[in-house]
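Fold and contact review
Take a look at the letters that make up each chain.
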Amino acid sequence: RMAGRRPEHRGPPELFYDEAEARKYTQNSRVVEIQSQMSERAVELLGLPEDRPCLLLDVGCGSGLSGDYISEEGHYWIGMDISPAMLDVAVEREVEGDLLLADVGHGIPFRPGMFDGCISISAVQWLCNADKKSHSPPKRLYRFFSTLYTALARGSRAVLQLYPENSEQLELITAQAMRAGFTGGMVVDYPNSAKAKKFFLCLFVGTSGVLPKGLGTECANEELHQAKFTNERTRFRNVKGKSVKKSRDWILEKKERRRRQGKEVRADTKYTGRKRRPHF
């Protein structure tokens, strides 16, 4: 999975990110740019104090691209990742953070209250995959969130950018976070853009903060600050004024376009675009 693109494959990340893939990922200028932008946004959402350096946990740190931004901002960090190849690249790049090879589904192995915050870029959705027979996504997510809650200082935040595959996956992740004691919710940047839309699970430890507003929502409906999913297609014309796919209007427009192109098209009748009866 490349940053900025939803994961299309299945399988454990430690196998997907072999040595060649880890290098390709880290040397891709577009990936570096997107990772840097998302890291900047995640750190911004942490709301860290400006008068002192903080110690942050980077979950799924990979080759240290997000860690680079944390270091630039004058903070210290420890990164965890399940892929040895990715961490090898991080060591080669001489990143400033400390690195730990670990599966976060087994928990966060640090003493209570150690971190002033946690970020994670494009990693948490991996915990929804059952890569082994013994894996239970709800249990692994709960183990991750409950131990993360303990490792964070009271009053701090965790900001986890993720690519949910569907509404059920997002609900599962959020439910386990709340069960572990976190408060907060989803911040959605650019909710009306297919490409720029980003999900940040913003979690509070010990105190309920005000959920930050998503970028690109100033002119939009207030509801768009929260994640809102539907599996149904809208039944009316979309924002750009085009007819909904497969509707009668859409079919007539398509036929007209084809006629203008000089193609042979069946004549329009009262049956055009009408749904067939179900077969028994």
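Residues numbered from 1 in each chain as written. Predicted model: local features only at pLDDT ≥ 70, side-chain atom pairs only at ≥ 80, totals over all residues. Heavy atoms only, no water.

With that settled, consider the packing of helix α6 (residues 137-151) against helix α7 (residues 167-179). Running from amino to carboxyl end, α6 crosses α7 at an angle of 45°, the nearest separation of the two axes being 8 Å. Taken together, the axes of α6 and α7 are oblique relative to one another. Of the two possible hands of crossing, α6 and α7 adopt the one that is right-handed. Here Pro137, Pro138, Leu141, Tyr142 and Phe145 of α6 come into contact with α7, specifically with Leu172, Ile173, Gln176, Ala177 and Arg179. (Axes fitted to C-alpha atoms, helices over the stretch in contact; angles between N-to-C directions. Helix = DSSP H or I, 4+ residues; strand = E, 2+ residues; numbered from the N terminus. Parallel < 35°, antiparallel > 145°, perpendicular 65-115°, else oblique. Left-handed = near helix turned anticlockwise from the far one by under 90°. Contact = heavy atoms within 4.5 Å.)

With that settled, the discussion passes to the sheet that holds strand β2 (residues 76-81). Within the open sheet, the 7 strands sit side by side as β3-β2-β1-β4-β5-β7-β6. Their pairing is mixed. Looking at the sheet topology across the chains shown, the edges are occupied by β3 (98-101) and β6 (183-189). Averaged over all adjacent pairs, the angle separating strand axes in this sheet is 15°, with direction ignored. (Pairing = 2+ DSSP bridges.)

In this structure the tally under the stated criterion is 4 aromatic pairs. Judged by centre distance (5.0 Å) and plane angle (80°), the rings of Tyr149 and Phe182 are edge-to-face. Taken together, the positions of Tyr149 in helix α6 and Phe182 in the loop between α7 and β6 put the pair 33 residues apart, joining distant regions of the chain. Residue classification places Tyr149 among the buried residues on the basis of a relative accessible area of 17%. (Phe/Tyr/Trp six-rings, centres within 6.5 Å; stacked < 30°, edge-to-face > 60°. Buried < 20%, exposed > 50% of the residue type's maximum accessible area, 1.4 Å probe, protein only.)

Right, let's talk about helix α4 (residues 65-72) for a bit. A large share of α4 lies buried, amounting to 6 of its 8 residues. Of the positions making up α4, those classed as buried are Leu65, Ser66, Gly67, Tyr69, Ile70 and Ser71. Trailing α4 by a residue or two, Gly74 shows a phi angle of about 85°, which is positive.

This paragraph deals with the pattern of salt bridges. Going through the model one piece at a time under the given rule, you end up with 8 salt bridges. Across the salt bridge formed by Asp189 and Arg41, the nearest N and O atoms sit 2.7 Å from each other. Residue Asp189 is found in strand β6, and its partner Arg41 is found in helix α3 (residues 29-46); the two are separated by 148 residues along the sequence. Judged by relative accessible area, Arg41 falls into the buried class, the value being 7%. Asp116 is the partner of Arg52 in a salt bridge, and the nearest nitrogen-oxygen pair spans 3.9 Å. Of this pair, Arg52 sits in the loop between α3 and β1 (55-59) while Asp116 is found in strand β4 (residues 115-121), placing the two residues 64 residues apart along the sequence. Take Asp116: its relative accessible area is 24%, and that puts it in the partly exposed class. Each of Lys255, Glu256, Arg259 and Asp268 takes part in salt bridges that share partners, so that together they form one network. (Salt bridge = Lys/Arg side-chain N within 4 Å of Asp/Glu carboxyl O.)

It is worth stressing that arrangement in space is one thing and function is another; only the former is reported here.
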